[in-house]
Amino acid sequence: MSVAEGAARPIGARQPIPHQVSTEPFDPASIERLTPGQERYYLASQWRMMWWRFRRHRLAVVSAAILIVMYAAILISEPLAPYDLHSRNIDFIYAPPQRVHFIHDGEFIGPFVYPFDYELNMENLQRTYTPDTNRPQPLRFFCSGDTYRFWGWIEASFHFVCPPEDGTLFFFGTDRLGRDMLSRIIYGARISLTIGLLGVSVSFLLGVIIGGLAGYHGGWVDNVSQRLIEVLRSLPHVPLWLALSAILPVTWSPILVYFGITIILGLLDWTGLARAVRSKLLALREEDFCVAAQLMGASPRRIIARHLLPSFASHLIASVTLSVPTMILGETALSFLGLGLRAPITSWGVLLNEAQNINVVALYPWLMLPVAPVILVVLAFNFMGDGLRDAADPYK
Amino acid sequence: MLGYLVRRILSMVPTLLITSALIFIIIQAPPGDYLSTYIAELESQGEAVDQEKIGFIRAQYGLDQPLYVQYLKWIGGLVQGDLGYSFEYSLPVNEVVGDRLSLTAIVSLATILFVWIVSFPIGVYSATHQYGVFDYLLTFIGFLGLAVPSFLLALVLLYFAHVQFGVSIGGLMDPGYIDQPWTWGKLQSVLAHLWVPVVVIGTSGTAGMIRRLRANLLDELQKQYYVTARAKGLPGWRALIKYPLRMSLNPFVSDIGSLLPEVVSGAVLVSVVMSLPTTGPMLLDALRSQDMYLAGSFLMFLAVLTVIGVFLSDILLAMLDPRIRLSGGATK
């Protein structure tokens, strides 16, 4: 190919680029140097990256916020609830939820309720409550109402919201003893929300220890634990829960029963976690850092706890979060059947126990309201767990 | 394949043995036994206790012997098809349980079919229309299905079925058909009652299945073979059915193993609420009154049912998916 041909190409017709030399001093490291923004990004720790990843999952962040609020609320159940847990209003049995109004006779007078007029329908003996719309009763805020013992210790009577003077305030209606459902739901959160956490910590301990031993040692330890896991996984959980909670003696105090139930819930749940831990350890124990630790004479316990487990801690957290809702639903189901927690203790399952009858659905549907927080919490844990699982491996 | 079958069947034996021991320990764990509770109850009512009869029962069922002998007797009977003796009903467990077991099996089977039929089209639709309006809606309903306690759903549906369709409350058939021979009318009545428990028990399983199917199918749809197939001009529907759909069928089969315990659990819970003549309410009573052979044999039956379910799903999976290794050995 000749030069003349090349010169004939349209490229040759372009203007030559003006010769240019930068006068700035040459810095050989200029490519490697990072802007502050880049530096923040590239040098971020693993946990920071996980947080960035988690933040992108909007639903998970909202769920986490909801859960934080709910767990914070159980710290101050007493002032939060308008009534005390046990206060009964014998004049208002099976009262329907009261609505909060703001405008009376076309005039804004702040939040208030209308008192109930009670009437017994002599034909079917049904209690009918009709709001008396002539007498608005304004709510009281930051007031003193039913006395209670804060965390069983400090006697106080401060509430954020109180029923009006000589009036009632049943946002969610009352039950068969005239107890305020809202207050009972708020108190029940204490038990229902913590039972999941306690149960999960039992199953977490079992899962990490058994899975860790099986994965690290292999051999017969592995075989035995695998068999056991297989058996437990193939058994239907609810009948086993029933059988196990039938073991708890009737004479036990409510607090003991509470701990018994958490252990029962945890006892059947560890298998999934143990499997995950085992399969991770099987792969990780061959890694160089593990061999190095072995050569330096670290004990198996130290290697598992200090070197192996932290390398997939984030996965553990995510899977633990996802198993909390199972526990909460399990407690609800057990208490609903009357084999879980019993009456003096108030959990959402115990409250739902009252809604066992089809009549409730027909006549007093507000007794089913405790299911709303159950659904909310279970959904929130599921979404947050999803977000955590996505964020668990930020390098992907 | 034959070797695999034999190995797989043999491996069920130790599993069932451990299970039976576990169950025996659990039903033995409450202090005392049925007879001592029974005697105490009679005495508290001031009635005479027929010591001879008690002694006879105690000896016949080996309640006076050490635990391991009791266990061996029980397990020996189980192998021969003798489920033991129900103290409360004063009948052999076989006779107490018989009819209820078949109804439990019917409900469980119908539930699994329901899960499959509902979750398959929804899962495929969700995956092919990812982030569409319906995908979001269905995903949300799925999450809701996981979160609503089944017993409450049962109550509400029961009420709804009664108000809307006039289905009698509770039971699996109209009261008139109980203890009647099977007829067309009875079958219809059972079908009219069956849908509530099936929907209730199947909801959480369906929700889980949809999520898994969607995730699996989404993974497959991003793979190169699918992209290639589409690039070569295979119409979307055909390309979908030909390969990725088959791949995503695996969870349907492999999940029988995990679905069965879930379905049986749900059945127990829901049947108590709905007072179905299945085994749930009976189990609850047996556990409360320490009727240990009734409870134990029943738990054992559920365990056998699930172990066989897992076995079947393993075999099916091995036939469906050639990548599944048939040889044993540790995975590493």
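Keep in mind that what you see is a predicted model, and the values were worked out from it rather than measured.

Another point: the interface of chain A and chain B. Listed per partner, the contact involves 43 residues of chain A and 41 residues of chain B. In total, about 3700 Å² of surface goes out of reach between chain A and chain B, with carbon and sulfur atoms giving 81% of it. Summed over the shared surface of chain A and chain B, the result is 1 salt bridge. When the shortest N-O distance is used, the salt bridge between B:Arg211 and A:Asp386 registers 3.3 Å. Scanning the region where chain A abuts chain B turns up 1 residue pair in polar contact (both at pLDDT 80 or more). Contributing elements (two or more residues each) for the side of chain A that touches chain B: helix H7 (219-234), helix H8 (237-247), helix H13 (313-336), helix H15 (358-363) and helix H16 (371-391) of chain A. Considered class by class, the residues forming the side of chain A that touches chain B number 30 nonpolar, 6 polar and 7 charged.

Residues and elements named next belong to chain A. Taken together, the 3 strands give an open sheet; going across it, the order is S1-S2-S5, and neighbouring strands pair in antiparallel fashion. Of all the strands in the sheet, just strand S1 (101-104) and strand S5 (137-138) have a single pairing partner and so form its edges. Sheet topology note: the strand S2 (residues 107-113)/S5 ladder contains 2 bridges and is antiparallel. What sits directly across from Val-113, in S5, is Gln-137.

All names here are of chain A. Here 6 bridges tie strand S3 (residues 116-121) to strand S4 (residues 126-131), and the two strands are oriented antiparallel to one another. Counted as the bridge partner of Glu-119 is Thr-128 from S4. Between the end of S3 and the start of S4, which pair antiparallel, lie 4 residues, with Leu-125 showing a positive phi angle near 55°.

Quick look at the environment of B:Val69 now. One can find B:Val69 in helix H4 (residues 67-79). Sequence separation between B:Val69 and B:Gln290 is 221 residues, and the spatial gap between their C-alpha atoms is 19 Å.

Turning our attention to the domain arrangement of chain A. Parsing chain A into structural domains produces domain 1 (98-169) and domain 2 (183-392). In this structure, domain 1 of chain A and domain 2 of chain A have C-alpha centres spaced 40 Å apart.

A few words on helix H12 (residues 300-308) of chain A. Residues and elements named next belong to chain A. Within H12, the full set of buried residues consists of Ile-303, Ile-304 and Leu-308. What you see down the axis of H12 is that its buried residues fit within an arc of 95°, all on one side. For H12, the exposed residues set more than 90 degrees away from the buried face come down to Arg-301 and Arg-306. Its buried side turned inward, H12 meets helix H6 (181-217), helix H10 (270-284) and helix H11 (288-295).

All names here are of chain A. Pairing of strand S6 (residues 140-150) with strand S7 (residues 154-162) involves 7 bridges; the strand directions are antiparallel. If you follow Tyr-148 over to S7, its bridge partner there is Ala-156. Counting the residues that bridge the hairpin from S6 to S7 gives 3 residues, and of these Trp-151 lies at a positive phi of roughly 55°.

Residue and element names in this part refer to chain A. On the surface, a cluster of positive charge is contributed by Arg-40, Arg-48, Arg-55 and Arg-58. Within the fold, Arg-48 resides in helix H3 (residues 46-56). With relative accessibility at 43%, the residue Arg-48 sits in the partly exposed group.

Turning our attention to the packing of aromatic side chains. Scanning the model with the defined rule gives 17 aromatic pairs over all chains in all. Ring plane angle 65° and centroid distance 5.3 Å describe the contact between A:Tyr258 and A:Phe259, whose orientation is recorded as edge-to-face. By relative accessible area, which is 6% here, A:Tyr258 ends up buried. Of the residues examined, A:Phe259 reaches a relative accessible area of 40% and is grouped as partly exposed. Centre to centre, the rings of B:Tyr125 and B:Phe134 are 6.1 Å apart; their planes meet at 90°, and the pair counts as edge-to-face.

Below, the discussion takes up the pattern of salt bridges. Residue and element names in this part refer to chain A. What the rule picks out here adds up to 9 salt bridges over all chains. A salt bridge links Glu-155 to Arg-149; the nearest nitrogen and oxygen atoms lie 3.3 Å apart. Judged by its relative accessible area of 54%, Glu-155 is exposed. Here Arg-179 and Asp-175 are joined by a salt bridge, their closest N and O atoms 3.1 Å apart. The exposure class assigned to Asp-175 is buried, which follows from its relative accessible area of 2%. By sharing partners, the salt bridges in this structure join Asp-175, Arg-179 and Arg-184 into a single network.

Cut-off values and rules
- Residues numbered from 1 in each chain as written.
- Chains lettered and ligands numbered in written order.
- Predicted model: local features only at pLDDT ≥ 70, side-chain atom pairs only at ≥ 80, totals over all residues.
- Heavy atoms only, no water.
- Contact = heavy atoms within 4.5 Å.
- Buried area = accessible area lost by both parts, 1.4 Å probe.
- Salt bridge = Lys/Arg side-chain N within 4 Å of Asp/Glu carboxyl O.
- Polar contact = N/O pair within 3.5 Å; in protein donor to acceptor, adjacent residues only side chain to side chain.
- Helix = DSSP H or I, 4+ residues; strand = E, 2+ residues; numbered from the N terminus.
- Nonpolar A, V, L, I, M, F, W, Y, C, P; charged D, E, K, R; others polar.
- Pairing = 2+ DSSP bridges.
- Domains from an automatic or database assignment.
- Buried < 20%, exposed > 50% of the residue type's maximum accessible area, 1.4 Å probe, protein only.
- Arc of directions from axis to C-beta.
- Patch = residues over 30% accessible without salt bridge, like charges linked within 9 Å, V, L, I, M, F, W, Y side chains within 5 Å.
- Areas by Shrake-Rupley, 256 points an atom, 1.4 Å probe, with all protein chains shown as cover.
- Lys, Arg positive; Asp, Glu negative; His and termini not counted.
- Charge placed at Lys NZ, Arg CZ, Asp CG, Glu CD.
- Phe/Tyr/Trp six-rings, centres within 6.5 Å; stacked < 30°, edge-to-face > 60°.

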